[in-house]
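Each chain, letter by letter, is given below.
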Amino acid sequence: MGFRLSSVIRKSSSTMANVPKGYLAVYVGEESQMKRFVIPVSYLSQPSFQDLLSQAEREFGFDHPMGGLTIPCSEDSFTDLISRLNASS
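Residues numbered from 1 in each chain as written. Predicted model: local features only at pLDDT ≥ 70, side-chain atom pairs only at ≥ 80, totals over all residues. Heavy atoms only, no water.

**Notes on the confidence of the model for the protein chain**
Taken over all residues, the pLDDT of the protein chain has a mean of 77, while the share at 70 or more is 74%. Strand 1 (residues 4-6) is the least confidently modelled element of the protein chain, averaging 39 in pLDDT, while strand 3 (residues 35-40) averages 91, the highest of any element. Under a pLDDT of 50 for its full length, residues 1-15 has, in the predicted model, 34 contacts with residues more than four places off or in other chains. (pLDDT = per-residue confidence, 0-100. Helix = DSSP H or I, 4+ residues; strand = E, 2+ residues; numbered from the N terminus. Contact = heavy atoms within 4.5 Å.)

**A short note on the packing of helix 2 (residues 47-60) against helix 3 (residues 75-88)**
Interaxial distance between helix 2 and helix 3 falls to 10 Å at its minimum, and their mutual angle equals 150 degrees. The angle between helix 2 and helix 3 places the two elements in the roughly antiparallel class. Here helix 2 contributes Ser-48, Phe-49 and Leu-52 to the contact with helix 3, which in turn contributes Phe-78, Leu-81, Ile-82 and Leu-85. (Axes fitted to C-alpha atoms, helices over the stretch in contact; angles between N-to-C directions. Parallel < 35°, antiparallel > 145°, perpendicular 65-115°, else oblique.)

**As for helix 2**
Taking 1.5 Å per residue as the helical rise, helix 2 with its 14 residues ought to reach 20 Å, and the 20 Å between its terminal C-alpha atoms agrees with that figure. Along helix 2, the residues that are buried comprise Phe-49, Leu-52, Ala-56 and Phe-60. Down the axis of helix 2, the buried side of the element spans an arc of 55 degrees, and every buried residue falls inside it. Exposed and facing more than 90 degrees away from the buried side of helix 2 are Pro-47 and Arg-58. Next to the buried residues of helix 2 lie strand 3, strand 4 (69-71) and helix 3. Count one or two residues on from helix 2 and you reach Gly-61, which has phi positive near 60 degrees. (Expected span 1.5 Å × (residues − 1). Buried < 20%, exposed > 50% of the residue type's maximum accessible area, 1.4 Å probe, protein only. Arc of directions from axis to C-beta.)

Dropping the structure here:
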(Lines give C-alpha, C1' and ligand atoms only; values in the text may rest on other atoms or scores of the structure.)
Protein backbone atom coordinates (compact mmCIF):
# COMPACT_ATOMS: atom_id res chain seq x y z
CA MET A 1 0.00 0.00 0.00
CA GLY A 2 1.05 3.52 -0.56
CA PHE A 3 0.02 6.76 -2.09
CA ARG A 4 0.43 8.22 -5.51
CA LEU A 5 0.77 11.87 -6.32
CA SER A 6 -0.65 13.39 -9.45
CA SER A 7 1.36 16.42 -10.52
CA VAL A 8 -1.59 17.93 -12.36
CA ILE A 9 -5.00 18.52 -10.82
CA ARG A 10 -7.86 18.42 -13.29
CA LYS A 11 -11.53 18.50 -12.50
CA SER A 12 -12.81 16.00 -15.05
CA SER A 13 -14.54 12.68 -15.06
CA SER A 14 -11.49 11.05 -16.61
CA THR A 15 -9.40 12.09 -13.59
CA MET A 16 -11.95 10.64 -11.21
CA ALA A 17 -12.00 7.43 -13.24
CA ASN A 18 -8.25 7.05 -12.66
CA VAL A 19 -8.85 6.15 -9.02
CA PRO A 20 -8.62 2.36 -8.60
CA LYS A 21 -11.20 0.43 -6.64
CA GLY A 22 -10.48 0.60 -2.92
CA TYR A 23 -8.79 4.01 -3.18
CA LEU A 24 -9.90 7.61 -2.79
CA ALA A 25 -8.63 10.86 -4.28
CA VAL A 26 -8.04 13.71 -1.84
CA TYR A 27 -6.73 17.23 -2.38
CA VAL A 28 -4.18 18.71 0.02
CA GLY A 29 -2.26 21.96 0.35
CA GLU A 30 -2.66 25.64 -0.26
CA GLU A 31 -5.69 26.57 -2.34
CA SER A 32 -3.58 27.87 -5.23
CA GLN A 33 -1.27 24.83 -5.28
CA MET A 34 -3.32 21.83 -4.20
CA LYS A 35 -1.94 18.36 -4.86
CA ARG A 36 -4.01 15.29 -5.56
CA PHE A 37 -3.24 12.13 -3.60
CA VAL A 38 -4.78 8.72 -4.17
CA ILE A 39 -4.95 6.87 -0.87
CA PRO A 40 -6.39 3.54 0.30
CA VAL A 41 -9.96 3.78 1.63
CA SER A 42 -8.77 1.88 4.71
CA TYR A 43 -7.03 5.07 5.91
CA LEU A 44 -10.44 6.63 6.56
CA SER A 45 -10.86 4.50 9.68
CA GLN A 46 -7.52 5.51 11.23
CA PRO A 47 -7.87 7.90 14.22
CA SER A 48 -5.24 10.31 12.89
CA PHE A 49 -7.00 10.48 9.53
CA GLN A 50 -10.35 10.90 11.29
CA ASP A 51 -8.91 14.07 12.87
CA LEU A 52 -8.19 15.46 9.40
CA LEU A 53 -11.69 14.54 8.25
CA SER A 54 -13.15 16.42 11.22
CA GLN A 55 -11.07 19.48 10.29
CA ALA A 56 -12.28 19.22 6.69
CA GLU A 57 -15.89 19.02 7.89
CA ARG A 58 -15.46 22.11 10.08
CA GLU A 59 -13.74 24.10 7.32
CA PHE A 60 -15.66 23.01 4.22
CA GLY A 61 -18.80 21.21 5.40
CA PHE A 62 -19.90 19.19 2.42
CA ASP A 63 -18.91 21.84 -0.14
CA HIS A 64 -15.36 20.96 -1.18
CA PRO A 65 -13.85 23.49 -3.60
CA MET A 66 -11.97 20.92 -5.69
CA GLY A 67 -15.03 18.77 -6.29
CA GLY A 68 -13.42 15.99 -4.24
CA LEU A 69 -12.45 15.59 -0.61
CA THR A 70 -10.25 18.54 0.36
CA ILE A 71 -8.01 18.11 3.41
CA PRO A 72 -7.07 21.38 5.19
CA CYS A 73 -3.42 20.78 6.03
CA SER A 74 -0.02 21.33 4.48
CA GLU A 75 1.31 18.87 1.94
CA ASP A 76 4.26 18.10 4.24
CA SER A 77 1.98 17.27 7.18
CA PHE A 78 -0.15 15.05 4.98
CA THR A 79 2.79 13.12 3.51
CA ASP A 80 4.15 12.65 7.04
CA LEU A 81 0.81 11.21 8.18
CA ILE A 82 0.59 8.92 5.14
CA SER A 83 4.15 7.71 5.76
CA ARG A 84 3.24 6.83 9.36
CA LEU A 85 0.08 5.03 8.22
CA ASN A 86 2.06 3.10 5.59
CA ALA A 87 4.60 2.05 8.23
CA SER A 88 1.92 0.77 10.59
CA SER A 89 0.13 -1.34 7.98
